[in-house]
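Residue-level structure breakdown
Here is what each chain is made of, one letter per residue.
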Amino acid sequence: MGNVFLLIMAALTSSALTESRPPVEALRLTVFDCGSLRLEDVSSFGLTNADTPVRDLFVPCYLIEHPQGNMIWDTGLPLTFAGQGRVALQPGATVLYEQSLLNQLAVLGLGPADINYLGLSHMHFDHAGAANAFPGSTLLVQRMEYEAAFDHASDYPVFDPRLYEGLRGSAATQLEGDYDVFGDGSVMILSLPGHTPGHQALALKLADTGHLVLSGDQYHFRASRTLHSVPEFNHNREATLASMAKLEAYLLANQATLWIEHDQALADSLQLAPAFYE
Ligand SMILES: [Zn+2]
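On a predicted model such as this, the values are computed, not experimentally measured, just so you know. (Residues numbered from 1 in each chain as written. Predicted model: local features only at pLDDT ≥ 70, side-chain atom pairs only at ≥ 80, totals over all residues.)

Considering the sheet that holds strand β10 (residues 187-191)
Taken in spatial order, the five strands make up an open sheet running β9-β10-β11-β12-β13, and their pairing is mixed. Strands at the two margins of the open sheet, each flanked by one partner only, are β9 (179-180) and β13 (257-259). Where strand β12 (residues 210-214) meets β13, three bridges bridge the pair, whose relative direction is parallel. What sits directly across from Val213, in β13, is Leu258. (Pairing = 2+ DSSP bridges. Helix = DSSP H or I, 4+ residues; strand = E, 2+ residues; numbered from the N terminus.)

Looking at the sheet that holds strand β1 (residues 28-39)
Overall, mixed pairing links the eight strands, which are arranged β4-β5-β1-β2-β3-β6-β7-β8 in an open sheet. The sheet is open, and its two borders are formed by β4 (87-90) and β8 (172-175), each paired with just one other strand. Sheet twist, expressed as the mean angle between neighbouring strand axes with direction ignored, is 25°. Pairing between β1 and strand β2 (residues 56-66): nine bridges, direction antiparallel. Paired with Val31 across the bridge in β2 is Tyr62. (Axes fitted to C-alpha atoms, helices over the stretch in contact; angles between N-to-C directions.)

Regarding unusual backbone geometry
Note the cis peptide between Ala273 and Pro274, where omega equals 10°. Relative to the helices and strands, Pro274 resides in the segment after α6 (264-269). Phi at Asp74 is positive, roughly 65°, even though this residue is not glycine. For Asp74, the location among the structural elements is in strand β3 (residues 69-75). In this structure Asp74 comes out as buried when scored by C-beta crowding, with 28 C-beta atoms within 10 Å. The phi angle at Gln255 is positive, at roughly 50°, despite the residue not being glycine. Looking at the element boundaries, Gln255 is found in the loop between α5 (237-254) and β13. Exposure remark for Gln255: the 8 C-beta atoms within 10 Å place this residue in the exposed category. (Buried ≥ 20, exposed ≤ 12 C-beta atoms within 10 Å, placed from the backbone.)

Looking at α5
The end-to-end C-alpha distance of α5 is 26 Å, a good match for the 26 Å that 18 residues give at a rise of 1.5 Å each. For α5, every residue scored as buried is listed here: Thr240, Ser243 and Leu247. In an axial view of α5, the angular spread of the buried residues amounts to 60°, which keeps them on one side of the axis. Opposite the buried face of α5, at more than 90 degrees from it, the exposed residues are Glu238, Ala245, Ala249, Leu252 and Ala253. As for α5, its buried residues are in contact with β10 and β11 (200-206). At the C-terminal side of α5, Gln255 shows a positive phi close to 50°. (Expected span 1.5 Å × (residues − 1). Arc of directions from axis to C-beta. Contact = placed C-beta atoms within 7 Å.)

As for helix α3 (residues 143-151)
Among the residues of α3, Glu145, Tyr146, Ala148 and Ala149 are the ones counted as buried. Buried-residue contacts for α3 involve β7 (138-142) and β8.

Quick notes on the nonpolar core
Residues Tyr62, Ile72, Leu118, Ala131 and Leu202 are the most contacted members of the largest nonpolar core, which totals 69 residues. Broken down by element, the residue count for this core peaks at seven residues, all from β2. Those residues in contact with Ile72 that lie beyond four places of it in its chain are Cys61, Tyr62, Leu63, Ile115, Leu118, Gly119 and Phe134. (Core = buried A, V, L, I, M, F, W, Y, C linked by C-beta atoms within 7 Å.)

Everything listed here is a matter of geometry and, on its own, says nothing about what the molecule does.
Written out as structure tokens, the structure is:
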């Protein structure tokens, strides 16, 4: 009886929310809080601790809804952290993840089966944390990243294959550079190698919000952008600097706005899910 009541309540809640969320007629972007990282020392990011006062890094996930399909861009921290309070990661680093990405999608009436494409800026733990939850989505990843993550992970100590090995048998489009996801130029993956072998960013042309680029980890801090700082744990310093130049040229040529994904101050200014940008 109790279960039936809960099911009815869930159905009512979900239909109410579905009604409040209009059908997708144009490109739409939803930003989820998929946790945050707190670091005592940021000097491994190629900055001195005096270069920025920022010690909290937002960890986002994004839902991109297009009339031709749904895409998740970055999946946040590992789901095992969700609902655990503040957890120590290593000395000087903690994570906090309140509501899992899956719970937040469920509030929108969506589940992993509704996600056609899974785009990951790269395979680090704070971006691939829920990757295993989307085995039925087509993975959109650079070939270099795919091979590093699935064939040579032991060469990349920052990769944790346990977080994404569930995708080994999934459909994957292995990219060789920039990629137009829906074929209409509205959602473009930008190849920006360096942070990892196949790091990438995502450019979105939104009707009202305008042309926006989600940075991946090309920059972690605003100061990284002004100082052209390269984290010491990056895969390739020269490639990172070349990708910085490519990204800045793209932003200028397209009059696009950059959202640094880990920018907590930016996140604090955004409308998070269930709100969305069009
Ligand atoms: Zn990151």
